[in-house]
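# Working through the structure, step by step
Take a look at the letters that make up each chain.
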Amino acid sequence: MTETITVVGAGNVGATTAQRIAEKGLARRVVLVDVVEGIPQGKALDQWESGPIEGFDSRVIGTNGYEETAGSSIVVITAGIARKPGMSRDDLLATNAGIVRQVSEQIRRTSPDAILIIVSNPLDVMCYVAKHVTGFPRERVLGMAGVLDTARFRSFLSEALDVSVNDIQAMVLGGHGDTMVPLISYTTVSGIPVRQLLDAATLDRLVDRARNGGAEVVAHLKTGSAYYAPSAAAVQMVEAIVRDQKRVFPCAAWLEGEFGLSGLFLGVPCKLGRRGLERIIEVELSADERTALAKIADAFRGPMAAIKL
Ligand SMILES: NC(=O)c1ccc[n+]([C@@H]2O[C@H](COP(=O)([O-])OP(=O)(O)OC[C@H]3O[C@@H](n4cnc5c(N)ncnc54)[C@H](O)[C@@H]3O)[C@@H](O)[C@H]2O)c1
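Small disclaimer: the values here were computed from a predicted structure and weren't measured. (Residues numbered from 1 in each chain as written. Predicted model: local features only at pLDDT ≥ 70, side-chain atom pairs only at ≥ 80, totals over all residues. Heavy atoms only, no water.)

### Re the overall build of the protein
What the protein contains, in helices and strands, is 10 helices and 14 strands. Whereas a compact globule of 309 residues would reach a radius of gyration of roughly 19 Å, the protein reaches 19 Å, a difference of no more than 12%. Its C-alpha atoms give the protein principal-axis dimensions of about 55 × 45 × 40 Å. Averaging the locations of the 33 positively and 35 negatively charged side chains of the protein gives two centres separated by 3 Å. (Helix = DSSP H or I, 4+ residues; strand = E, 2+ residues; numbered from the N terminus. Rg over C-alpha atoms; globule rule 2.2 N^0.38 Å. Lys, Arg positive; Asp, Glu negative; His and termini not counted. Charge placed at Lys NZ, Arg CZ, Asp CG, Glu CD.)

### Brief notes about a nonpolar patch on the surface
Together, Val35, Val36 and Ile39 give the surface a local cluster of nonpolar side chains, amounting to about 270 Å² of exposed area. Among the structural elements, Val36 can be located in the loop between strand S2 (27-33) and helix H2 (39-48). In this structure Val36 comes out as partly exposed when scored by relative accessible area, which is 45%. (Patch = residues over 30% accessible without salt bridge, like charges linked within 9 Å, V, L, I, M, F, W, Y side chains within 5 Å. Areas by Shrake-Rupley, 256 points an atom, 1.4 Å probe, with all protein chains shown as cover. Salt bridge = Lys/Arg side-chain N within 4 Å of Asp/Glu carboxyl O. Buried < 20%, exposed > 50% of the residue type's maximum accessible area, 1.4 Å probe, protein only.)

### Here's the deal with the environment of Val33
By the secondary structure assignment, Val33 is in strand S2. The exposure class assigned to Val33 is buried, which follows from its relative accessible area of 2%. For the pair Val33 and Thr69, spaced 36 residues apart in sequence, the C-alpha to C-alpha distance is 8.4 Å.

### Quick look at the sheet that holds strand S7 (residues 168-169)
For sheets, the rule is that strands pair by backbone hydrogen bonds, running either parallel or antiparallel. Strand order in the open sheet formed by three strands is S7-S10-S11, with antiparallel pairing between adjacent strands. Whereas interior strands pair on both sides, the edge strands pair on one side only; in this sheet they are S7 and strand S11 (192-193). Where S7 and strand S10 (residues 188-189) come together, two bridges link them in antiparallel fashion. Bridge assignment links Gln169 to a residue of S10, and that residue is Thr188. (Pairing = 2+ DSSP bridges.)

### Remarks on the site of the ligand
Taken together, 28 residues lie around the ligand, and Val13, Asp34, Gln102, Met144 and His176 are the ones closest in. Between the ligand and Asn121, the relevant distance is 3.1 Å, taken from an oxygen atom to a side-chain nitrogen or oxygen of the residue. Only helix H1 (12-23) and helix H4 (93-110) provide two or more residues apiece to the shell around the ligand. Per element, the largest residue contribution to the shell around the ligand is four residues, and it comes from H4. Of the residues belonging to the shell around the ligand, the class tally is 17 nonpolar, 10 polar and one charged. (Near = heavy atom within 4 Å. Polar contact = N/O pair within 3.5 Å; in protein donor to acceptor, adjacent residues only side chain to side chain. Nonpolar A, V, L, I, M, F, W, Y, C, P; charged D, E, K, R; others polar.)

### Quick word on the packing of helix H6 (residues 146-161) against helix H7 (residues 200-211)
How two helices pack is summed up by the angle between their axes together with the distance between the axes. Orientation of H6 relative to H7, taken along the N-to-C sense of each, is 140°, at an axis distance of 9 Å. The orientation of H6 with respect to H7, classified from their angle, is oblique. For the element pair H6 and H7, the recorded crossing hand is right-handed. Every residue of H7 that contacts H6 at Asp149, Arg152, Phe153, Phe156, Leu157, Glu159 and Ala160 is listed here: Leu203, Leu206, Val207, Arg209 and Ala210. Looking at the contact of H6 with H7 residue by residue, the classes come out as eight nonpolar, no polar and four charged. (Axes fitted to C-alpha atoms, helices over the stretch in contact; angles between N-to-C directions. Parallel < 35°, antiparallel > 145°, perpendicular 65-115°, else oblique. Left-handed = near helix turned anticlockwise from the far one by under 90°. Contact = heavy atoms within 4.5 Å.)

### Quick look at the pattern of salt bridges
Per the stated rule, a full pass over the model turns up 12 salt bridges. With a shortest N-O distance of 3.1 Å, Lys246 and Asp244 are connected by a salt bridge. Judged by relative accessible area, which is 37%, Lys246 ranks as partly exposed. Through salt bridges with shared partners, a single network forms among Asp244, Lys246, Arg274, Arg275 and Glu278.

### Considerations on H2
Among all positions in H2, only Pro40, Ala44 and Gln47 are buried. All buried residues of H2 fall inside an arc of 65° around its axis, so they share one side. (Arc of directions from axis to C-beta.)

### Here we look at the nonpolar core
By size, the foremost hydrophobic cluster in this structure holds 84 residues, and its most contacted members are Leu116, Ile118, Met237, Leu266 and Leu272. At eight residues, helix H5 (residues 123-134) tops the list of elements feeding residues into this core. Beyond its immediate sequence surroundings of up to four residues, Leu266 is in contact with Asp124, Gly174, Cys251, Ala252, Ala253, Leu255, Leu261, Leu293, Ile296, Ala297 and Phe300. Core analysis: the next-biggest nonpolar cluster, separate from the first, contains 16 residues, Leu161, Ala170, Val172 and Ala210 among them. (Core = buried A, V, L, I, M, F, W, Y, C linked by side-chain atoms within 4.5 Å.)

### Focus on the pairing of strand S14 (residues 276-280)
Summarising burial for S14: four of the five residues are buried, a large majority. One ladder, built from four bridges, connects strand S13 (residues 262-273) with S14; its direction is antiparallel. Paired with Leu272 across the two strands is Leu277, which belongs to S14. Between the end of S13 and the start of S14, which pair antiparallel, lie two residues.

### Overview of unusual backbone geometry
Looking along the chain, the bond that leaves Asn121 and enters Pro122 is cis, with omega of -5°. If you trace the backbone, Pro122 turns up in the loop between strand S5 (115-118) and H5.

What follows is the structure in structure tokens.
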């Protein structure tokens, strides 16, 4: 258990993230921050009062300021506006960049040693804003997307194969959702390559569904977007760091030459432990996977350059 974990943004993803952190007993204090008066305070109080039933001792605190967050070891940033039906992640760019910039300035001031986990979209650019504004080393700025995308893919695979989701391992690279690069040759069922168990057409269909997993939820909800699986994914990363688990997840990380790419955040296999990003694992890629990754990296550079910092 660590002393303080902060979650910025008390909306659907942020509030559920705070609740999961408290329920797992990952921090003595879980601080929920939002600009809307009353919302973080009310949600935090309500969550804290579930402690006697759920059996956790974490104190959940809601606030509109940053003083209560001081000295946080981990800060999860979910602040921003969520995607509405028909809206692309890039439509969110300018608004959310301003929000993440302002949040990052506060975190740099109050929690200079924190490890940041960025959730706000468009993910890769928001990671860049947070890293640039805080000046934190790459070990302490990570983005959550691949854990969610692989969870969706694993769910669909488990249903198609009628096997436990616990026995399915998958790895994706690249961007979030429609820009992900699934590594089918590294997708296994207890070590059995999935290509031995499913035909190419079925695999393509499941990859497509995972790519559009976020949009599928948005289409049902009409207002708002997914938050149960996204919060679970963010908290799995938090837990790996707090418990120094050395787990290997696909996370958005700042590349410095890995996979032949530099100067941008991209989803890659990362080992997470107490120090945050402890290693990027450069798996072997096919020529097609390399080309797909390079294409996505090119597409990301435009929005990154468009941000005025
Ligand atoms: N990376 C992923 O895989 C993933 C998955 C789901 C959602 N998301 C993204 O996460 C973000 C949050 O989604 P949500 O569904 O919780 O949205 P939401 O609208 O429910 O919550 C966002 C919250 O941020 C708050 N906020 C706005 N400006 C703020 C500021 N300056 N400081 C603090 N709080 C501020 C809002 O008041 C709101 O409560 C969105 O950008 C969404 O696209 C990413």
